[in-house]
Structures are given as C-alpha cells and as structure tokens.
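Secondary and tertiary structure notes
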Amino acid sequence: MREILFDTETTGVFPDHLEEKLRDRVVEIGCVEVINLERTGREFHAYLNPDRDVPEEVVRVHGLRLEFLRNHKRFPEIAEEFLDFVGDAPLVAHNASFDQGFINAELRRCQRPLLGNERFIDTLALARKRFPGASCSLDALARRFQLDRYGFDLASRKGAGGHGALIDSRILAEVYLHLKGGREQRLAFDAGDAVTESAAVLRPVEFVQRTPRAVPLPPLTTPEEEAAHAAFIAKLGEHALWRKVS
C-alpha cells in the first residue's frame, strides 16, 4: 500500500483570509513515500516564494525568511511535479486539515483540481484516540516512541529552522508506523506474500503416535527431596486437590 507522508511550512494560519494580500502562503513542502508503512527513499521537497512577507514570529518556528525564499520557485511552477509525486495515494499529515487547507488554497490559485477530504489521514486524530488526554504534538509523539533510537536528532528540532517540512515528514513516517502497530505491523505486511504463496503447497499434518518407553526413566529427585515433598503433602489434609490428581 503506497501512502504519502507530508508536511507544509507557511507564512501563518489563514490561507483563505478575506483580504487577498493577507492570505497566508506555503513556503515549504516536504513529502515522503511509504509502501506498507516503510519509507522507500523517494521524497519530494520544495521551498516556495510566497510573494508576501514572512512574520518574525513564524520565522522563529521554521527559520525561513523572505530573503531566502524569494530566490525559489512559486507554487504554480512546482504544482505538476508535486501532483505527479503524490499521484492517487492517501495523504497522511499531522493535523491534516491545516495542511489540506493550504495545499488546496495553492491549487485553487493556479486552477488545479483540489484534493478531497477522502484523500487525507490525520495522525493527530489517530494519536488522540490512542493516547487520550496526553500531549499528541509531533514532538511529543517522537519522544514517546523514542525516535532518537532510530537516528532522528530530536534536540535539533528546537529553535529556528528545526521544524523543516521534509524533516518533519520523515519523523511523521516513523510516528505513523508506530501508531499503526509498530514494526511488527510492517513485518505482517512483508509476510503477507509469503503466506499466500505457501498456502498453495500446504499439506495436512500427519501425526505419529509414540509408544511408551519399555523402561521408564529413573526419577531425578533425591530420597531427601521425596521425603520433604511427602511431609509437605501431609500438611495439606486428606481433601487436598493434590491427592486427587497425583
């Protein structure tokens, strides 16, 4: 099963503001391809020129300033490549409605078909269902699943530039794997074909009846141990369950 784990970085939180000049834009897209919950190594990544300012409070989150972004392509220039990469696969994001809103706003501006609700899987909703009452941010889930053991530098995500879209998509792919049942779930996918192939060659099991030994094996207990055991049983009384089954 092919799925795309993705994340966006933006200039703010209002992609559909009533005033066009105040509408927030996507400044970075990161996508990671997974098949049967395992990363394949195929990725899509783009920085985008938003054609508007990037507020300083947002820069403190992702570290992307307009001075850097204005040297990159605009969304319409990468739209075809982005859509070709995601294809018809399900799109998995953390707080998916946020990313869906921004991607669809960008697609609408360049008169491209929008991505429907049925395409999206929200890992935030999955996490809240599994860990009710607990913090379910991507940072919290990464720590909960100890992703630093798998080579992720979680400490580097704090501060400007730490929350890159591609970095977060890679972390999200591992979080999603754990939310779906962990690496054992992936192994179940891998074993599926082998089970299907072996089923065709299975044969009924033939049981061989074993005859009793001609000479029973000698007991391994010592006389002292047998005496101690008999003394213990005597203390249980005449109605002890041991006397009925021994």
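We now turn to the structure provided with this report. (Residues numbered from 1 in each chain as written. Predicted model: local features only at pLDDT ≥ 70, side-chain atom pairs only at ≥ 80, totals over all residues. Heavy atoms only, no water.)

**Comments concerning the overall build of the protein**
Just so we agree on the cut-off: Only runs of H or I of at least four residues qualify as helices and only runs of E of at least two qualify as strands under DSSP, and these elements are numbered from the N terminus. Classification of residues uses two cut-offs on accessible area relative to the type maximum, computed with a 1.4 Å probe and protein chains only: under 20% is buried, over 50% is exposed, and between them is partly exposed. In what follows, a contact means two residues having at least one pair of non-hydrogen atoms within 4.5 Å. A 1.4 Å probe and the Shrake-Rupley method give the accessible areas. Residues count as covered only by the protein chains that appear here.
For the protein, the count of helices and strands is 10 helices and five strands. Burial statistics for the protein: of 246 residues in total, 38% are counted as buried. A separation threshold of at least 6 residues defines the contact pool for the protein, and within that pool the share at least 24 residues apart is 67%. Accessible area for the protein stands at about 15500 Å²; split by element, carbon and sulfur atoms hold 54% of it.

**Some words on the sheet that holds strand 1 (residues 2–10)**
Cut-off, in case you're wondering: Should DSSP find at least two bridges between two strands, the strands are regarded as paired. Lines are fitted to the C-alpha atoms to define the axes, a helix being fitted only along its stretch in contact, and any angle between axes, read from their N-to-C directions, falls within 0 to 180 degrees.
Across the sheet, five strands lie side by side as 3-2-1-4-5; this open sheet has mixed pairing. Of all the strands in the sheet, the pair left with one neighbour each is strand 3 (38–47) and strand 5 (120–122). Within the sheet, the average angular offset between the axes of one strand and its neighbour, ignoring direction, is 25°. Here strand 1 runs beside strand 4 (residues 91–93); their pairing, made up of two bridges, is parallel. Residue I4 lies in a different strand from strand 4, and its bridge partner there is L91.

**Focus on helix 4 (residues 96–109)**
Going by this rule: Any helix carries an expected span of 1.5 Å times its number of residues minus one.
Counted at 1.5 Å a residue, the expected span for helix 4 with its 14 residues is 20 Å, and the 20 Å between its end C-alpha atoms agrees. Regarding helix 4, the residues found buried are A96, D99, Q100, F102, I103, N104, A105, E106 and L107. Elements that come into contact with the buried residues of helix 4 comprise strand 1, strand 2 (26–35), helix 3 (75–86), strand 4 and strand 5. Directly after helix 4, the chain includes Q111, whose backbone phi takes a positive value near 55°.

**Focus: the pattern of salt bridges**
It is possible for side chains of opposite charge to pair when their charged atoms get near one another. Spelled out, the test is: A pairing counts as a salt bridge when a side-chain nitrogen of Lys or Arg comes within 4 Å of a carboxyl oxygen of Asp or Glu.
Under the criterion given, the structure shown has 11 salt bridges. A salt bridge links R2 to E33; its shortest N-O distance comes to 2.6 Å. Here E33 lies in strand 2 and R2 lies in strand 1, a separation of 31 residues in the sequence. Among the residues examined, E33 registers a relative accessible area of 5% and is labelled buried. Where R109 meets E106, a salt bridge forms, and the shortest distance between an N and an O atom there is 3.5 Å. With a gap of three residues between them, R109 and E106 both fall in helix 4, about one helical turn apart. The exposure class of R109 is partly exposed, given its relative accessible area of 33%. Connected through shared salt-bridge partners, R2, E33 and R42 make up one network.

**So, the pairing of strand 3**
Where strand 2 and strand 3 come together, seven bridges link them in antiparallel fashion. The residue bridging I29 from the neighbouring strand is A46, located in strand 3. Taking the residues between adjacent antiparallel strands as the criterion, strand 2 and strand 3 are bridged by two residues, where N36 takes a positive phi near 55°.

**Some details on the packing of helix 5 (residues 123–130) against helix 7 (residues 165–179)**
A pair of packed helices is characterised by two quantities: the angle between their axes and the separation of those axes. We count it as follows: Angle categories: roughly parallel below 35 degrees, roughly antiparallel above 145, roughly perpendicular from 65 to 115, and oblique for all the rest. A clockwise turn of the near helix away from the far one marks a right-handed crossing, whereas an anticlockwise turn of less than a right angle marks a left-handed crossing. Lys, Arg, Asp and Glu make up the charged group, whereas Ala, Val, Leu, Ile, Met, Phe, Trp, Tyr, Cys and Pro make up the nonpolar group; the residues left over, Gly among them, are polar.
With their axes 11 Å apart at the nearest point, helix 5 and helix 7 run at an angle of 40° to one another. Taken together, helix 5 and helix 7 sit at an angle that is classed as oblique. Helix 5 and helix 7 meet at a crossing whose hand is left-handed. Here helix 5 contributes T123, L126, A127 and R130 to the contact with helix 7, which in turn contributes L172, Y176, H178 and L179. Along the lines of polarity and charge, the residues of the contact of helix 5 with helix 7 split into five nonpolar, two polar and one charged.

**Some words on the nonpolar core**
Defined as follows: Note on terminology: a nonpolar core comprises buried Ala, Val, Leu, Ile, Met, Phe, Trp, Tyr and Cys residues joined through side-chain atoms within 4.5 Å.
Membership of the largest hydrophobic core comes to 25 residues, with the highest contact counts inside it found for I4, F6, I29, C31, F44, F75 and F82. The set of elements that each furnish at least two residues to this core consists of strand 1, strand 2, strand 3, helix 3, strand 4 and helix 4. It is helix 3 that provides the largest number of residues to this core, a total of seven residues. With residues near it in sequence (within four places) discarded, C31 still touches I4, L5, F6, R42, E43, F44, F82, F85, V86, L166 and S169. Formed by 23 residues, the second largest nonpolar core is a distinct cluster that contains L37, A127, Y176 and L179.

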